[in-house]
Amino acid sequence: MKKRNLFIYTAILLFTWLLPVVSKAQSCDPLDARKLKDMLIGMGYTVKDLNTDIGKEKYEVSITTTGFNVPISYEISPSKNFIWLIANLGKAKDSVSTTHAALLRQNGKIQPCQFYITEKGNLMMGLAVENRGLTPAIMRRHTDKITSDVSNTASYWQ
């Protein structure tokens, strides 16, 4: 009987000790601006501050692809629910009917990335990423996606 009690006590103690180690779940907490910047630095990027106003922080990293240096900016949405990855592709061409129609058709191929034009007339490509449970590997995958789409659609926006 003593051996059985000792076994049960040891098993409970071992289980209690190992449970936090084995069951440590990935954090699903949203990133704040500081954590986002730290993640990008930890991923090996050189991070440039584009906006340092509290609540409007925006960072930029440059990604080099075949034939392109793609500056990608990262910013947390006002709701804190999304992180936007944005590539500024320059001024939008004036020819709305032909060029922009071709860009809109590309949206179906590059989604969830999307082309859009700002109120200042800049052509952008954006990707909204849910700000929950992000790891460096997930962020790298999204960064690679938008960078690849910028390169692969250059003939439509250059």
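Residues numbered from 1 in each chain as written. Predicted model: local features only at pLDDT ≥ 70, side-chain atom pairs only at ≥ 80, totals over all residues. Heavy atoms only, no water.

A. Structural detail: the overall build of the chain. Of the regular secondary structure elements, the chain holds 5 helices and 6 strands. Taken over 158 residues, the chain has a buried fraction of 35%. Within the chain, counting contacts between residues at least 6 apart in sequence, those at least 24 apart form 55% of the total. (Helix = DSSP H or I, 4+ residues; strand = E, 2+ residues; numbered from the N terminus. Buried < 20%, exposed > 50% of the residue type's maximum accessible area, 1.4 Å probe, protein only. Contact = heavy atoms within 4.5 Å.)

B. Spatial organisation of the pairing of strand S1 (residues 48–51). As judged from the 3 bridges shared by S1 and strand S2 (residues 58–65), these two strands associate in the antiparallel manner. Considered in S2, the bridge of Asp 49 is made with Tyr 59. Remark: 6 residues form the turn of the hairpin made by S1 and S2, two consecutive strands paired antiparallel; Gly 55 in that turn has positive phi of roughly 90°. (Pairing = 2+ DSSP bridges.)

C. Geometry of the side chain of Glu 60. Tracing the backbone through its elements, the reader meets Glu 60 in strand S2. Those residues in contact with Glu 60, other than ones at most four positions away along the chain, are Thr 46, Val 47, Lys 48, Leu 50, Pro 71, Ile 72 and Ser 73.

D. View of the pairing of strand S4 (residues 82–91). Sheet topology places strand S3 (residues 68–76) next to S4; 5 bridges connect them, and they run antiparallel. Note on S4: the bridge partner recorded for Tyr 74 is Leu 85. Bridge count between S4 and strand S6 (residues 122–130): 8 bridges; the pairing is antiparallel. For Ala 87, the partnering residue across the bridge sits in S6 and is Met 125.

E. Summary view of the confidence of the model for the chain. Per-residue confidence for the chain averages 85 on the pLDDT scale, and 81% of its residues sit at or above 70. The spread of mean pLDDT over the elements of the chain runs between helix H1 (residues 2–22), the lowest at 57, and S1, the highest at 96. (pLDDT = per-residue confidence, 0-100.)

F. Representation of the environment of Ala 101 within the structure. By the secondary structure assignment, Ala 101 is in helix H3 (residues 96–110). Considered as a pair, Ala 101 and Tyr 156 are 55 residues apart in the sequence and their alpha carbons are 9.9 Å apart.

G. Broad picture of the sheet that holds S4. Pairing within the open sheet is antiparallel, and its 6 strands lie in the order S1-S2-S3-S4-S6-S5. One side of each edge strand has no neighbouring strand; the edge strands of this open sheet are S1 and strand S5 (114–117). For this sheet, the mean angle separating the axes of adjacent strands, direction not counted, is 35°. Here S5 runs beside S6; their pairing, made up of 4 bridges, is antiparallel. Residue pairing across strands places Tyr 116 opposite Met 124, the latter belonging to S6. With respect to the sheet, helix H2 (residues 33–42) is in contact with S1, S2, S3 and S4, its orientation differing from that of S2 by roughly 20°. Contacts from helix H4 (residues 136–152) reach S2, S3, S4 and S6, with the element oriented near 20° to S4. (Axes fitted to C-alpha atoms, helices over the stretch in contact; angles between N-to-C directions.)

H. The arrangement of the pattern of salt bridges in detail. One pass over the full model with this rule turns up 5 salt bridges. When the shortest N-O distance is used, the salt bridge between Asp 38 and Arg 34 registers 2.7 Å. Linking Asp 38 with Arg 34, this pair stays in helix H2, spanning 4 residues, or about one helical turn. You can call Asp 38 partly exposed: its relative accessible area is 35%. Lys 37 is paired through a salt bridge with Asp 49; the nearest N and O atoms lie 3.0 Å apart. Taken together, the positions of Lys 37 in helix H2 and Asp 49 in strand S1 put the pair 12 residues apart, joining distant regions of the chain. (Salt bridge = Lys/Arg side-chain N within 4 Å of Asp/Glu carboxyl O.)

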